[in-house]
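# Observations on chain architecture
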Amino acid sequence: MKGPKTIKGRPELYTSYAQDMAFLNTRPKRVSVSALVVLALLVPFLITDDLLQLLATGFVAAIGAIGLNIVTGYAGQVSLGHAFFLAIGAYTGAALSGPETGRVIGFGITSLPIWLLASGLVAAFFGVLVAPVAVRLRGLYLAIVTLGLVFLGEHVFREWTSLTGGPGVGRPAAIPELFGVRLDRDNALFTAAQQLYLVMFVLLVIFGVLARNLVRSRVGRAFAAVRDRDLAASVIGVDLTKYKVLAFAVSSFYAGVAGALLFVVNGFFDPGSFNLLLSVQYIAMVLIGGAGTISGAIMGALFITLLPRITRELPAVLPFISGDATGAITVFQVEAVLYGVLIIVFLIVEPRGLFGIWVRVRNYWRTWPFSY
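To keep things clear, this report deals only with the structure shown in the data block. (Residues numbered from 1 in each chain as written. Predicted model: local features only at pLDDT ≥ 70, side-chain atom pairs only at ≥ 80, totals over all residues. Heavy atoms only, no water.)

### Things to note about a nonpolar patch on the surface
The grouping of Val337, Val341, Ile344, Val345, Leu347, Ile348 and Val349 at the surface amounts to a nonpolar patch, some 650 Å² of accessible area in total. Counting through the fold element by element, Leu347 comes out in helix H15 (residues 331-349). Accessibility expressed as a relative area gives 42% for Leu347, which makes it partly exposed. (Patch = residues over 30% accessible without salt bridge, like charges linked within 9 Å, V, L, I, M, F, W, Y side chains within 5 Å. Areas by Shrake-Rupley, 256 points an atom, 1.4 Å probe, with all protein chains shown as cover. Salt bridge = Lys/Arg side-chain N within 4 Å of Asp/Glu carboxyl O. Helix = DSSP H or I, 4+ residues; strand = E, 2+ residues; numbered from the N terminus. Buried < 20%, exposed > 50% of the residue type's maximum accessible area, 1.4 Å probe, protein only.)

In structure tokens, the structure reads:
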């Protein structure tokens, strides 16, 4: 039996629920997404390796931002402990893939799919351990508890030198090997930056599609019910404990994956990398991009990742800003201030973030010249 068809001349008039709920349910969406994918696949051959590394970092940050958006934007559970789960994933991946005879813990498993999945699962396990607190707390109290995870993690990772290498020393990141090919080394076809860019882009597409389908499912609707009014959700039969635990587990899994990949791109990290500022950066990604939207999380992550590249140019324009840590006002201080300022501005001016701006622009041109 053939499924319902779109009526000729009415491309957005659907005759079934399945058509309306399709992943890309309009022709403009399919065309624009296809164009973006083609452009993204061409980019490695058009720009330099340093910019490719920056974009690869942005793709990985987007995976982590999607995870935070699931628990905060969709499920309404405020979490300031994202850096803790990023650290769990980073050290799990590094330990599994590290050499067995090195100065730090290593198991010699260099296959990317194995240590990447393990990084996500270990982080998800710790997320499940934290989740019961979310059942009893909400709002500011939950935020403070998750914030404590960051400081707890900083202490543990600073003291556990056999795993982390210690402050100021650190350890190499996980070794990315896929089908016997080291992705962090140049080969006859691609440079290391090109390989990492393409792999990170593919992983972002995979995790983005998975997250989009999750939030459009029954689970996603339960998340939204808990976010909007957990008492009312409980009355209509939503199991608050189950869905809050699931939200933290999925969010932590994404964070663990992002943590393992984030420092693969950079190649090295130490315990001081996973601090409060890192959590604030991810909160900024979600709020600036648009809470409660997968596309917004990606936009926000790319924006925040590219922001330091812009601020590094400020000393050439504003001489009173120092490019290193010796001046009275440094670019690093400017970056930290910008995160807070941008969060405040977007919350006041455009609460839906960059995604909200995109929606307004799209709607304007969709109805042009009758945009009133």
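### Observations regarding empty space enclosed by the protein
Following the criterion strictly, the structure yields 1 cavity of 30 Å³ or more and no others. Empty space within the largest cavity amounts to approximately 40 Å³. Those elements that provide at least two residues to the lining of the largest cavity are helix H3 (49-74), helix H4 (82-97) and helix H11 (240-266). The element that contributes the greatest number of residues to the lining of the largest cavity is H11, accounting for 4 residues. A breakdown of the residues in the lining of the largest cavity according to their chemical character gives 5 nonpolar, 4 polar and no charged. (1 Å grid on protein atoms, 1.4 Å probe; cavity = no way out; pocket = protein on both sides within 12 Å on 5 of 7 lines; lining within 4 Å. Points joined across faces, edges and corners; volume = space filled by probe spheres on them. Nonpolar A, V, L, I, M, F, W, Y, C, P; charged D, E, K, R; others polar.)

### A short note on the layout of surface pockets
Of the voids in this model, the largest pocket is the one considered here, and its volume is about 1500 Å³. Ranked by residues supplied to the lining of the largest pocket, first place goes to helix H2 (residues 27-42) with 8 residues. A per-class count over the lining of the largest pocket returns 24 nonpolar, 7 polar and 5 charged. Looking at which domains feed residues into the lining of the largest pocket, each of domain 1 (47-302) and domain 2 (313-372) supplies at least three. The space that makes up the second largest pocket amounts to roughly 640 Å³. Considering the residues around the second largest pocket, the lining is formed by 23 residues, among which Thr57, Gln281, Pro308, Glu335 and Tyr339 are closest to the centre. Secondary structure elements with two or more residues in the lining of the second largest pocket: H3, H11, helix H12 (276-289), helix H13 (294-311) and H15. Ranked by residues supplied to the lining of the second largest pocket, first place goes to H12 with 5 residues. Residue composition of the lining of the second largest pocket, grouped by class: 13 nonpolar, 7 polar and 3 charged. Shared between two domains, the lining of the second largest pocket takes at least three residues from each, and those domains are domain 1 (47-302) and domain 2 (313-372). (Domains from an automatic or database assignment.)

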